[in-house]
Amino acid sequence: MQRNAARSDLLFSGSDWNFRTLSRVYDEIAALAVEELHLDTYPVQMEIISSEQMLDAYSSVGMPLMYPHWSFGKHFLYQQLLYRKGGRGLAYELVINSDPCIVYLMEENTMALQALVTAHAALGHNHFFKNNYLFRQWTDAGAILGYLDFAKGYIANCEERHGADAVEAILDAAHALMEQGVFRYRRPPKLSSEKEREGIRERLEYEERSYNDLWRTLPRSKGGDGTGETDGGMAERKKSLNLPEENLLYFLEKNSLVLEPWQREILRIVRTIAQYFYPQRQTQVMNEGCATFVHYTLMNALFDRGRISEGAMLEILGNHSNVIFQPAFDDPRFSGINPYALGLAMMQDIQRISMEPTAEDRDWFPGIAGNGDWRETLLDAWANHRDESFIQQYLSPALIRKSRFFLLDDVAEKSHYEVASIHDERGYATIRSALARAYDIGASRPDVQIVDVDLLGERHLHLEHKVAGDVLLDEAACDATLRHIRTLWGYKVSLAGIDAKTGAKVYERSINQT
Amino acid sequence: MPIFIDRRLNPKDKSLGNRQRFLRRAREELKRDIRDQIRAGKISDVDAEHVVPMPAKGTSEPTFSSASDSGERQHVLPGNKHFVAGNQIPKPSKGGGVGGAGAGTRESQDDFRFVLSREEVLDLFFEDLELPDMVKLNLKEILAYKPRRAGFAPTGSPTNINVGRTMRNSHGRRIALRRPRREELEAIARELAALEAEPPSAATRQRITALREKLEEMERRRRLIAYVDPVDIRFNRFDPQPVPNASAVMFCLMDVSGSMGEREKDLAKRFFVLLHLFLKRRYDRIEIVFIRHTHEAHEVDEETFFYSMQSGGTVVSTALEKMRRIIEERYPSREWNIYAAQASDGDNFATDSERCITLLDGEIMRLCQYFAYIEIIDERESHIFGSTDNGTSLWRAYSAVNLRWPNFQMSRIARASDIYPVFRQLFTRQPALPASG
């Protein structure tokens with residue numbers, strides 16, 4: 001270190017990396033991150049992997065451990081195809097929301113790239129995972145790896161005992177409901193793998209013995225008013241089953257009549273993993289924006305202090321601009337809004353607003369304009385927002401003009417799109433709300449809930465789809481999914497589409513046989 | 001200081017198990033696809049990687065998803081150039097387009113082609129042929145290689161040093177660099193000793209000093225120029241070469257008269273493919289000759305053989321005659337292992353069967369390693385004919401040949417699983433290296 005410092009201030013030279021340099025660069029960047037940006041991170045575990053291993057990691061949803069399933073094989077084939085064709089480069093890194101935070105680095109990266117990736121993933125994403133309220137409330141970074149290990153072992157065990165086909169059938173059905181397998185509003189209980197494993201047998205035994213409302217064959221109110229089993233009974237039944245229930249997997253796990261204990265446990269595993277990823281899906285723009293902002297700021301700071309050579313900085317900037325490239329809507333390369341670009345632009349905009357606000361900014365953001373402390377403003381935004389609220393709160397007219405955002409109305413029956421708003425005084429607020437809504441997972445996914453169970457009759461399970469804006473479900477996929485629910489529930493399942501505004505029934509589908 | 005873990009040496013292919021699960025799930029559809037490809041492709045192409053489309057059935061992962069062709073939506077897009085509020089933009093003719101990015105990627109994810117390895121292709125191909133496992137193994141096995149001497153190399157393992165070549169190099173180098181030989185040194189040493197024995201004089205002293213210097217210089221040279229230097233060393237080079245196998249030619253004979261329909265041709269083709277695979281395992285070089293016949297026989301290319309129709313009667317002996325002539329002209333049996341496979345529905349011109357017997361008995365069976373005749377019959381007929389010897393005239397005629405020649409095989413085939421037993425005999429005999437001539 002001293003020898004090196006004597007020679008020059010550069011952290012590294014040339015494109016080859018080794019573990020000593022990586023470690024030195026990490027220490028330097030981490031110190032800078034605290035000093036410059038006041039970041040607060042989990043300890044870091046860096047793992048060097050080859051490109052094949054990166055492809056492997058892709059196909060198992062990015063996790064280092066995963067139970068086996070054919071769909072991962074299918075995804076692998078797809079990723080491999082893209083990679084072979086050169087259609088898509090591999091990510092330079094992969095980061096896992098765990099404690100310690102695991103960062104995968106590709107061995108093919110040059111040293112400059114490793115430095116960039118260290119700042120991006122090991123500090124940017126890491127800080128976000130540790131501080132954002134969604135992750136703090138909904139995921140347990142310390143336990144996830146232990147839990148996945150448990151899940152993998154448990155499913156392998158089930159395959160041994162009950163056969164791979166039986167396990168596959170349950171997993172297929174559970175995967176189909178993954179989107180409807182999360183609690184959106186109610187906070188899930190913390191998972192703790194050790195206790196989980198200890199308590200698992202106890203819990204299963206208890207559930208087998210425990211009183212289940214569905215098994216009751218005699219009307220409860222037998223003694224008093226024998227005729228009360230109508231509206232009041234229905235309300236009571238719904239209440240006792242916590243209906244309506246948005247988490248389909250949870251409901252089926254707890255209340256299905258045909259599942260065996262191990263099948264319930266598999267549903268629980270799938271549901272837990274879905275819940276773990278739920279915050280990530282709600283914070284794409286913020287997460288990537290935060291990481292990109294951090295690497296951009298830190299790399300420039302290092303360069304300003306003479307710790308990175310001009311050549312390395314050019315390479316870093318080249319990669320940086322590839323990542324934040326946002327083609328216009330009519331460009332053949334356009335494939336939606338680039339979350340890296342949007343996130344970074346908004347965060348740099350916040351920095352500008354709090355340091356050099358214009359009169360317009362003072363109008364729109366009286367709270368932060370010119371407060372002079374962009375660090376605190378950003379830390380606060382990172383900690384307390386998800387994509388939807390972040391955009392709703394911070395997308396400024398200046399940025400809307402700069403990106404030339406416009407809003408299209410798309411009515412399926414019409415042969416034209418209509419431009420609803422553009423970047424002008426009348427359009428800012430509309431565009432901002434519309435963009436925010438586009439990132440609201442709850443609004444953009446079909447809202448399907450379990451509303452009633454016909455307990456005394458044929459155990460008919462009623463689902464309800466709140467049809468918003470006349471957007472119906474894809475019929476083939478819907479029927480296939482209902483068949484999966486039928487498998488898990490064991491009796492007739494039907495889905496009614498109810499218009500969210502009028503409450504009128506739009507359609508009804510039901511599945512009686514698997 | 002972060003924790004570092006170097007995972008590069010960990011096993012790759014972590015997802016291989018998932019790939020196998022996926023293939024198993026899509027097995028039926030992949031099998032059909034491979035079969036279609038084999039039906040449409042060349043016989044010799046079976047033994048290679050195949051690109052197949054993603055099977056649609058059994059591999060979809062349904063979820064509740066919005067139908068892209070209903071309802072009202074809003075899209076926020078970047079890069080407005082000249083639109084103002086109220087403008088109308090015609091929708092692109094096909095779905096997707098401006099706002100449908102989400103739906104678009106989903107579709108393409110399920111609609112792509114991927115590569116099946118040679119082993120996977122053969123697995124799928126073999127499946128309904130019902131081959132015994134041992135045979136499958138035999139077919140899938142890669143040729144054995146044997147190291148053969150192939151010149152010299154400057155690198156290699158010590159056991160392969162070629163001493164002669166090394167010493168020759170060393171000798172040349174010593175001459176070129178004028179390394180003093182031991183005899184020269186000894187001569188000077190002797191002269192020095194002689195001079196030192198003489199009474200000293202100015203002249204001898206001078207001579208002794210000169211000789212000493214020379215001796216010293218020569219010794220230094222000898223030390224500097226090694227006797228054998230690493231640059232001299234040569235190793236025997238070995239090249240892996242496939243174990244020498246003789247060449248084989250495979251004759252495919254088929255009746256293409258009107259009575260041979262699509263089903264018959266398809267079964268025949270699978271039979272030919274299998275024979276080709278068997279032969280390919282055993283021979284380095286293999287040629288295929290296609291002879292089709294109606295009332296006259298022609299040598300044709302593979303395309304014509306399987307796909308073009310011809311009308312006419314059926315005279316089998318013309319094909320045998322043609323085959324005999326081709327053997328005579330191009331494939332002398334001293335140099336070639338000759339295999340023949342004939343597929344027919346059993347029809348033959350009334351008196352022609354006798355002539356077939358004569359041709360086979362007289363010449364062809366002596367030339368052939370193996371002659372397989374398959375008669376493709378209707379599935380409904382299979383239990384009538386079963387194992388009985390009565391049948392078409394060709395069948396009866398060939399039965400006689402079958403008795404006389406052990407390398408003759410005949411069978412009736414009604415479905416794909418009947419094909420393999422035809423080969424059983426070929427494998428039980430298992431000739432080590434077919435004796436030629």
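Rules and cut-offs
- Residues numbered from 1 in each chain as written.
- Chains lettered and ligands numbered in written order.
- Predicted model: local features only at pLDDT ≥ 70, side-chain atom pairs only at ≥ 80, totals over all residues.
- Helix = DSSP H or I, 4+ residues; strand = E, 2+ residues; numbered from the N terminus.
- Buried ≥ 20, exposed ≤ 12 C-beta atoms within 10 Å, placed from the backbone.
- Contact = placed C-beta atoms within 7 Å.
- Pairing = 2+ DSSP bridges.
- Axes fitted to C-alpha atoms, helices over the stretch in contact; angles between N-to-C directions.
- Nonpolar A, V, L, I, M, F, W, Y, C, P; charged D, E, K, R; others polar.
- pLDDT = per-residue confidence, 0-100.
- Core = buried A, V, L, I, M, F, W, Y, C linked by C-beta atoms within 7 Å.
- Parallel < 35°, antiparallel > 145°, perpendicular 65-115°, else oblique.
- Left-handed = near helix turned anticlockwise from the far one by under 90°.
- Expected span 1.5 Å × (residues − 1).
- Bend = angle between axes of the 7 residues up to and from the residue.

### As for the overall build of chain A
A count of helical and extended segments in chain A gives 22 helices and 9 strands. Relative to its full complement of 514 residues, chain A shows a buried share of 43%. Taking all contacts inside chain A whose residues are at least 6 apart in sequence as the whole, residues at least 24 apart take part in 71%.

### Quick look at the overall build of chain B
If you tally the helices and strands in chain B, you get 15 helices and 13 strands. Expressed as a percentage of its 437 residues, the buried residues of chain B come to 28%.

### What to know about the sheet that holds strand β13 (residues 408-413) of chain B
Residue and element names in this part refer to chain B. With mixed pairing, the 6 strands of this open sheet are ordered in space as β10-β9-β8-β11-β12-β13. Where the open sheet ends on each side, the last strands, each with one partner, are β10 (297-300) and β13. Neighbour to neighbour, the strand axes of the sheet diverge by 20° on average, direction disregarded. Strand direction decides the pairing type here: strand β12 (residues 368-376) and β13, joined by 6 bridges, are parallel. In the strand pairing of β13, Ile374 is matched with Ser411. Against the sheet, helix α11 (residues 316-330) engages β8 (247-255), β9 (286-293), β10 and β11 (336-344), with an angle of about 150° to β9. Packed on one face of the sheet, helix α14 (residues 393-404) meets β11, β12 and β13 and runs near 145° to β13.

### Some thoughts on the interface of chain B and chain A
Taken together, the contact between chain B and chain A spans 54 residues of the former and 78 residues of the latter. Of all elements in the fold, only β1 (3-6), α1 (16-25), β3 (72-77), β4 (88-90) and α3 (101-110) of chain B reach the threshold of two or more residues within the side of chain B that touches chain A. Along the lines of polarity and charge, the residues of the side of chain B that touches chain A split into 21 nonpolar, 20 polar and 13 charged.

### Looking at the confidence of the model for chain B
Do not read the fine detail of predicted coordinates wherever pLDDT is low. Residue and element names in this part refer to chain B. When pLDDT is averaged along chain B, the result is 77, and 82% of the positions lie at 70 or above. When mean pLDDT is compared element by element in chain B, helix α6 (residues 163-176) scores highest at 92, while α3 scores lowest at 42. In the predicted structure, residues 95-108 sits below a pLDDT of 50 and forms 21 contacts with residues beyond four places in sequence or in another chain. Here residues 429-437 is a poorly scored stretch, pLDDT under 50, and it has 8 contacts once near neighbours within four places are set aside; other chains count.

### Quick word on the sheet that holds strand β4 (residues 406-411) of chain A
The strands that make up a sheet pair up through hydrogen bonds in the backbone, lying either parallel or antiparallel. Taken in spatial order, the 4 strands of this open sheet run β3(B)-β4(A)-β5(A)-β4(B), and their pairing is antiparallel. Either end of the sheet is taken by a strand with one partner, and the two such strands are β3 and β4 of chain B. Neighbour to neighbour, the strand axes of the sheet diverge by 30° on average, direction disregarded. With 4 bridges joining them, β4(A) and strand β5 (residues 416-421) of chain A adopt antiparallel strand pairing. In the sheet register, A:Leu407 faces β5(A), and the bridge partner there is A:Ser421. Those strands touched by helix α20 (residues 428-438) of chain A are β4 and β5 of chain A together with β3 of chain B, and its axis lies near 105° from that of β3(B).

### Details of the nonpolar core
Taken as a class, soluble globular proteins show a tendency for nonpolar side chains to be buried jointly. Core analysis: the biggest nonpolar cluster contains 146 residues, and A:Ile29, A:Ala33, A:Val103, A:Ala174, A:Ile266 and A:Val294 have the highest contact counts within it. The greatest single-element share of this core, amounting to 12 residues, is contributed by helix α5 (residues 111-131) of chain A. Listed in part, the 69 residues of the second largest apolar core include B:Leu122, B:Phe271, B:Phe306 and B:Leu394.

### Some words on the environment of A:Lys402
Looking at the element boundaries, A:Lys402 is found in helix α19 (residues 397-403). For A:Lys402 and A:Ala345, which are 57 residues apart along the polypeptide, the C-alpha to C-alpha distance reads 9.7 Å.

### Concerning the pairing of strand β2 (residues 93-96) of chain A
Residues of β2(A) alternate between two faces, with A:Glu93 and A:Val95 on one and A:Leu94 and A:Ile96 on the opposite face, all of them buried. If you look at the hairpin formed by β2(A) and strand β3 (residues 101-106) of chain A, you'll find 4 residues sitting between the two strands.

### Description of the packing of helix α7 (residues 144-162) of chain A against helix α8 (residues 164-176) of chain A
Residues and elements named next belong to chain A. Relative orientation of the contacting elements α7 and α8 amounts to 130°, with a least axis distance of 6 Å. Classified by the angle their axes make, α7 and α8 are oblique. Between α7 and α8, the contacting residues are Ile155, Cys158, Glu159 and His162 on the first element and Ala164, Ala166 and Val167 on the second.

### Things to note about the environment of A:Leu148
All names here are of chain A. Tracing the backbone through its elements, the reader meets Leu148 in helix α7. Residue Leu148 is classed as buried on the basis of its C-beta count, with 23 C-beta atoms lying within 10 Å. Each C-alpha atom of the pair Leu148 and Ile273 lies 8.4 Å from the other, and the pair is 125 residues apart in sequence. Discounting chain neighbours no more than four positions away, the residues touching Leu148 are Met63, Leu65 and Met66.

### A few points about the packing of helix α2 (residues 19-37) of chain A against α5(A)
Residue and element names in this part refer to chain A. One can describe the packing of α2 onto α5 by two numbers: an axis separation of 10 Å at closest approach and a directional angle of 45°. With respect to each other, α2 and α5 are oriented oblique. Between α2 and α5 lies a crossing of right-handed hand. For the pair α2 and α5, contact is made by Thr21, Leu22, Val25, Tyr26, Ile29, Ala30 and Ala33 and by Met111, Gln114, Ala115, Thr118, Ala119, Ala122 and Leu123, respectively. Its residues placed into classes, the contact of α2 with α5 shows 11 nonpolar, 3 polar and no charged.

### Some points on α5(A)
Each α-helix turn comprises 3.6 residues. Residues three or four places apart therefore point the same way. Residues and elements named next belong to chain A. For α5, spanning 21 residues, the distance from its first C-alpha to its last is 29 Å, which sits close to the expected 30 Å at 1.5 Å a residue. Maximum bend of α5: about 25°, positioned at Val117. Counted residue by residue, α5 has 19 buried out of 21 residues, so it is predominantly covered.

### A closer look at unusual backbone geometry
A:Pro100 follows A:Asp99 through a cis peptide bond whose omega is 0°. Assignment of secondary structure puts A:Pro100 in the loop between β2 and β3. A positive phi angle is found at A:His38, which is not glycine, with a value near 55°. Its identity as a non-glycine residue notwithstanding, B:Arg178 has a phi of 55°, on the positive side. Structurally, B:Arg178 is set in the loop between α6 and α7 (182-197). Residue B:Arg178 is classed as exposed on the basis of its 10 C-beta neighbours within 10 Å.

### Regarding the environment of A:Asp361
Residues and elements named next belong to chain A. Along the chain, the position of Asp361 falls in helix α16 (residues 359-364). The spatial distance from the C-alpha of Asp361 to the C-alpha of Pro397 is 8.1 Å, given a sequence separation of 36 residues. What Asp361 contacts, discounting residues up to four positions off in sequence, is Ile353, Ala369 and Ser396.

### Here we look at α11(B)
All names here are of chain B. With 15 residues, α11 should cover 21 Å at 1.5 Å per step; its first-to-last C-alpha distance of 22 Å lies within 8% of that length. When α11 is considered as a whole, its buried residues turn out to be Val316, Ser317, Thr318, Ala319, Leu320, Lys322, Met323 and Ile327. Looking at the buried residues of α11, the elements they touch are β8, β9, β10, β11, α12 (352-367) and α14.

### Observations concerning the confidence of the model for chain A
All names here are of chain A. Taken over all residues, the pLDDT of chain A has a mean of 83, while the share at 70 or more is 88%. Mean pLDDT values for the elements of chain A range from 44 in helix α1 (residues 2-7) up to 93 in helix α18 (residues 387-394). Counting interchain partners and residues more than four positions distant, the pLDDT-below-50 stretch residues 1-7 has 1 contact.

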